Amino acid sequence: MPLDWIQVKKRYKDGMEVPTVAGGKTLTVTGCDDEAIYIENPLWKAQLSRKNLEEGARLIEEGVIDKDPGLFVEDYRVYVTDERSTSAAHILYDLGFLDEDTGFTPRC
């Protein structure tokens, strides 16, 4: 199923704390619009572009990118972008595109 950006905007438009793949921590989402999901922590602010997240979801469905969260990060860097791949993993996990945590340890 492709990434439904209307549902993504509804979920994240007002911001929320997204549980991380490994659990115990959260990723702070501050908002979402037609172009991106906006995230931050105490040291930085960033955005995850709609284009890249949609491409990541598409490649997961096609089997190009692994659904295992630990393997996803490296695949996303290779096939989509090297920018904020771990944060993208948390969002795509929250949206149901990645499998349950199997010991999240990105190979990087």
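Note: the structure precedes this text.
Report on the accompanying structure.

## Details of the pairing of strand S3 (residues 36–40)
Two faces, one strand: in a regular strand the side chains alternate between the faces of the sheet.
Thought 1: Two strands pair when backbone bridges link them, and strand S2 (residues 26–32) and S3 are joined in this way by four bridges, in the antiparallel orientation. Bridge pairing in S3 places Val29 opposite Ile39.
Thought 2: Bridge analysis of S3 against strand S4 (residues 45–49) gives five bridges, and the strand direction is antiparallel. Bridge pairing in S4 places Ile39 opposite Ala46.
Thought 3: Between S3 and the antiparallel strand that follows it, S4, lie four residues.

## Observations regarding the pattern of salt bridges
Thought 1: A full pass over the atoms with the stated rule returns six salt bridges.
Thought 2: In this structure, the salt-bridge partner of Lys9 is Asp34, at a minimum N-O distance of 2.4 Å. Note that Lys9 is positioned in helix H1 (residues 5–12) and Asp34 in the loop between S2 and S3, a separation of 25 residues in sequence.
Thought 3: Judged by its relative accessible area of 28%, Lys9 is partly exposed.
Thought 4: With relative accessibility at 41%, the residue Asp34 sits in the partly exposed group.
Thought 5: Asp94 is the salt-bridge partner of Arg11, the closest N and O atoms lying 2.8 Å from each other. Placement of Arg11 in helix H1 and of Asp94 in helix H4 (residues 85–94) is noted, with a sequence separation of 83 residues between them.

## Quick notes on helix H3 (residues 69–79)
Every α-helix winds through 3.6 residues per turn, so residues three or four apart in the chain are directed the same way.
Thought 1: Those residues of H3 that fall on the buried side of the exposure criterion are Pro69, Gly70, Phe72, Val73, Asp75 and Tyr76.
Thought 2: Of the surrounding elements, those touching the buried residues of H3 are helix H2 (50–61) and H4.
Thought 3: Of the residues that open H3, the one with a side-chain oxygen 2.9 Å from the backbone nitrogen of Gly70 is Asp68.

## Quick notes on the side chain of Ser85
Thought 1: Note that Ser85 resides in helix H4.
Thought 2: By relative accessible area, which is 2% here, Ser85 ends up buried.
Thought 3: At 3.0 Å, the side chain of Ser85 forms a polar contact with the side chain of Arg77.

Cut-off values and rules
- Residues numbered from 1 in each chain as written.
- Predicted model: local features only at pLDDT ≥ 70, side-chain atom pairs only at ≥ 80, totals over all residues.
- Heavy atoms only, no water.
- Pairing = 2+ DSSP bridges.
- Helix = DSSP H or I, 4+ residues; strand = E, 2+ residues; numbered from the N terminus.
- Salt bridge = Lys/Arg side-chain N within 4 Å of Asp/Glu carboxyl O.
- Buried < 20%, exposed > 50% of the residue type's maximum accessible area, 1.4 Å probe, protein only.
- Contact = heavy atoms within 4.5 Å.
- Polar contact = N/O pair within 3.5 Å; in protein donor to acceptor, adjacent residues only side chain to side chain.

Remember, this is a structural readout, not a statement about activity or role.
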